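# Structural overview
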Amino acid sequence: MKKWLVLFLLPFVFLFSTNSISAADDITGHPFEQEMRKLIELGHLKGEVIDGQTYYSPDRNVTRAEFAVLLVRVLEAENLEVINPKYFSDVKEGIWYQKAVQQAVEMNIVTGTPDGKFLPNEHITREAMATMIDRALQYKGINLPEAELKFTDKDKIQEWAVTSVKRMVYAKIILGNTDNTFRPQEVATRGTASAFLVRMLDTMKSPPAPPVPNFYLATVTADETTKVKEYETYDQAKAAATQSNHVVLKDDQVVYMKSGVVSPAQKAPLASTLYTSSAFSANHFSINAGTETEFLDAGETWVKVKFNNTVGYFKMSEATLHPTVTLKGYSYYKAESGKLTHVVYNVNTNAYGSYEYGSSGNMPNGNYRSTDGHTFKSVATGSVYDKYQYFNVMPLYTKTSYTAEQINNFVKNNKPATVGSTPLETMGQDFKNIEEKYNVNAMYLLAHAIHESAWGTSALAKDKKNLFGLKAYDGTAYESGASFPTYEACLVELVTEYLLKPNSGYFMESWKANGEVLGNKELGMNVRYASDPYWGQKIAGYMYRMDKYYGGLERNKYDIAVTLFASTNVRSDTTANADNKLYPITKVGSPVLVLAEVQSRTNEGTWFEIVPENLNGANYPKAYVYSNGYSYGTNMSVLPLAE
């Protein structure tokens, strides 16, 4: 689900009893004597006393544990409270560096390996040290610009360290060797580490001024960008961009264009927040890297875009602008023999992926463009179809008729050929038990698990029995992902703590919730459950596949209607009075499953009998909402479902 960028850079240091300085010791005359003595005077670097002589061992290699301890000292963070401790299988409880490692984690200076290790006794490399110092400076609020690398071995720097090395060069924390090399994988000595850290301290005291940006008006083609004229300000360059092939560059990055696609930043963060305004004070939701959004406008610090029907703002630092003429592909839906497949284009990587979404209904075979997953425009003819996928908008408190045995058999007979034994092929009864106890659809639970755990085969599922990506955050999924004693415990955690928890669950009325359906970035759980904008559609696709496997017994069995106004009341009878209100549906566009259309017994128009929202102990035997035909107006609209 997520991609790892693991940086294991840790500090060095002796933890011995003295920090006294001898007039003539083993660092006298050493190239890094001055730096080491400064750290010794500050009480950060300590030595080992042998037979009355203090040894600082300037040429000894530094382990990651040692560097972690030293860096925490240099940051004067030894009393930092650890709020979110992290378990490492190779960091023993109570060992001398455990506290410092946890403090470094708390400051986001170190993370861990994908298999949950810290590797404390491995020696730290120069590139790893640079990355860790960069993160330490960021913790202190110092975000350095990047310098151009001119080392003859710059291509040997690993991708995860390049940006940090550029920043260290800009701040002159890294100077390089006399032969104009950096030697990124060379193991760092105590002397080298001391030099890096003293320069870091100097940077903390007097951060370098950022360079004055250069704004250029440029022309862009599919193959190249050509600078035309330099301007002192962004606004001047933007005003000069009058032609369709004009862009504005800042430090060689496109920061304005006439038309094109904007995607969340390609590297860090792995997802970007879409804010409601250029003040960045409130947000709509987050979207993962590579997603296409429509460019509307840009300022020096913001980019205005449209995603689906939502207009919002990315921070310029968290967005990548792709002028129309440079685009090499686009996302589309493919209708073929009754099946609808979503072919997703990643604009950052120029790569395609796909998943089965549902039924194409009566749409002719061919390719279609859609921004919202239900309004489709034919690429060939321009014809427009409005088709909602049943399982994407079906309330998830609706029980499935499929049995535990059918759930298990679907997994056994439909898992990919590369998947061997999986826990999901024996968990049908667990899903049904949860459905019976909590009223959460068992078919949805299976589909959710399939999507998040790759049919139960992901490392998170195997090692931590985490089937649903719980606490698996973008960029650190395995490390941050929660561990469970059993798969059943993970299932209960999903339902009780993530779906049904009062005031914060995705099924409940809270800042997270936008309807108890899978949905998309404007409807249902997917608004905030995942940064992948197609997370809900992908899970709905698995539900569709299971239903199709058993002959389509559930899809489109009932109508699905949505509210047209906020605070639509659900009642126990087909009349409006103060005594029969069960609960409100607060958000416009919230779907309900329509069991029957009925006439009010008090001549108040047409009503819908709907599946009641029986969650968290509620047990409503019947539920009704007013639809139309009376002085109340029209409150509900039946969705056009894909046939």
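Reference entry: report on the structure contained in this document. On a predicted model such as this, the values are computed, not experimentally measured, just so you know.

Glancing now at the sheet that holds strand 14 (residues 332-336). Pairing within the open sheet is antiparallel, and its six strands lie in the order 16-15-14-17-18-19. If you trace the sheet from one side to the other, it starts and ends with strand 16 (351-359) and strand 19 (384-386), each paired once. Here the strands of the sheet are splayed against their neighbours by 30 degrees on average, with no regard to which way each runs. The pairing of strand 15 (residues 339-346) with strand 16 spans eight bridges and is antiparallel. Bridge pairing links Lys 339 to Ser 359 in strand 16. Packed on one face of the sheet, helix 15 (residues 535-549) meets strand 14, strand 15 and strand 16 and runs near 50 degrees to strand 16.

With respect to the helices, strands and loops of the structure, Ile 174 is situated in the loop between helix 5 (159-170) and helix 6 (190-205). With relative accessibility at 2%, the residue Ile 174 sits in the buried group. Taking the C-alpha atoms as reference points, Ile 174 and Val 255, 81 residues apart in sequence, are found 30 Å from one another. Apart from the residues lying within four places of it in its own chain, the contact partners of Ile 174 are Ala 130, Phe 151, Val 165, Met 168, Val 169, Phe 182, Phe 196 and Arg 199.

Using the criterion set out here, one finds 26 aromatic pairs in the structure. Where Tyr 529 meets Trp 535, the ring centres are 4.6 Å apart and the plane angle is 25 degrees; that geometry is what we call stacked. Relative to Tyr 550, the ring of Tyr 549 has its centre 4.9 Å away and its plane inclined at 75 degrees; by these criteria the two rings are edge-to-face. Cation over ring: Lys 464 sits above Tyr 478, and NZ or CZ is 4.8 Å from the ring centre. Cation over ring: Lys 465 sits above Tyr 487, and NZ or CZ is 5.7 Å from the ring centre.

Another point: the pairing of strand 17 (residues 366-369). Of the strand pairs in this sheet, strand 14 and strand 17 are connected by three bridges, and their pairing is antiparallel. When the bridges of strand 17 are listed, Tyr 333 appears paired with Tyr 368. Linkage of strand 17 to strand 18 (residues 375-378), two consecutive antiparallel strands, is achieved through a turn of five residues, within which Gly 373 is found at a positive phi near 80 degrees.

With that settled, consider empty space enclosed by the protein. Following the criterion strictly, the structure yields one cavity of 30 Å³ or more and no others. By volume, the largest cavity is sized at about 40 Å³. For the largest cavity, the full set of lining residues is Phe 307, Asn 308, Tyr 333, Thr 371, Asp 372, Gly 373, Asn 520, Lys 521, Pro 533, Tyr 534 and Gln 537. Grouping the amino acids of the lining of the largest cavity by side-chain chemistry returns four nonpolar, five polar and two charged.

Both faces of the sheet carry side chains from a regular strand, because those side chains alternate between them. Inspection of the sheet shows strand 10 (residues 293-298) paired to strand 11 (residues 302-307) by four bridges, in the antiparallel sense. Opposite Glu 294, over in strand 11, you have Lys 306 as the bridge partner. Two successive antiparallel strands, strand 10 and strand 11, enclose a turn made up of three residues. In the sheet, strand 11 pairs with strand 12 (residues 310-315) via six bridges, with the strands oriented antiparallel. Bridged to Lys 306 within strand 12 is Val 311. Counting the residues that bridge the hairpin from strand 11 to strand 12 gives two residues, and of these Asn 308 lies at a positive phi of roughly 55 degrees.

With that out of the way, let us pick up helix 15. With 15 residues, helix 15 should reach 21 Å at 1.5 Å per residue; the first-to-last C-alpha distance of 22 Å fits that figure. Looking at helix 15, one finds that the buried residues are Trp 535, Gly 536, Gln 537, Ile 539, Ala 540, Gly 541, Tyr 542, Met 543, Tyr 544, Met 546 and Asp 547. Of the surrounding elements, those touching the buried residues of helix 15 are strand 14, strand 15, strand 16, helix 8 (390-393), helix 9 (404-414) and helix 11 (442-453). In the segment just after helix 15, Gly 551 is the residue with positive phi, at about 90 degrees.

Bringing the sheet that holds strand 5 (residues 246-250) into the picture now. The antiparallel open sheet is built from four strands, whose spatial order is 4-3-5-6. Looking at strand neighbours, the two that pair on one side only are strand 4 (225-231) and strand 6 (253-257), the edges of this open sheet. Ignoring strand direction, the axes of neighbouring strands in this sheet form an average angle of 35 degrees.

The rules behind each value
- Residues numbered from 1 in each chain as written.
- Predicted model: local features only at pLDDT ≥ 70, side-chain atom pairs only at ≥ 80, totals over all residues.
- Heavy atoms only, no water.
- Pairing = 2+ DSSP bridges.
- Helix = DSSP H or I, 4+ residues; strand = E, 2+ residues; numbered from the N terminus.
- Axes fitted to C-alpha atoms, helices over the stretch in contact; angles between N-to-C directions.
- Contact = heavy atoms within 4.5 Å.
- Buried < 20%, exposed > 50% of the residue type's maximum accessible area, 1.4 Å probe, protein only.
- Phe/Tyr/Trp six-rings, centres within 6.5 Å; stacked < 30°, edge-to-face > 60°.
- Lys NZ or Arg CZ within 6 Å of the ring centre and 35° of its normal.
- 1 Å grid on protein atoms, 1.4 Å probe; cavity = no way out; pocket = protein on both sides within 12 Å on 5 of 7 lines; lining within 4 Å.
- Points joined across faces, edges and corners; volume = space filled by probe spheres on them.
- Nonpolar A, V, L, I, M, F, W, Y, C, P; charged D, E, K, R; others polar.
- Expected span 1.5 Å × (residues − 1).

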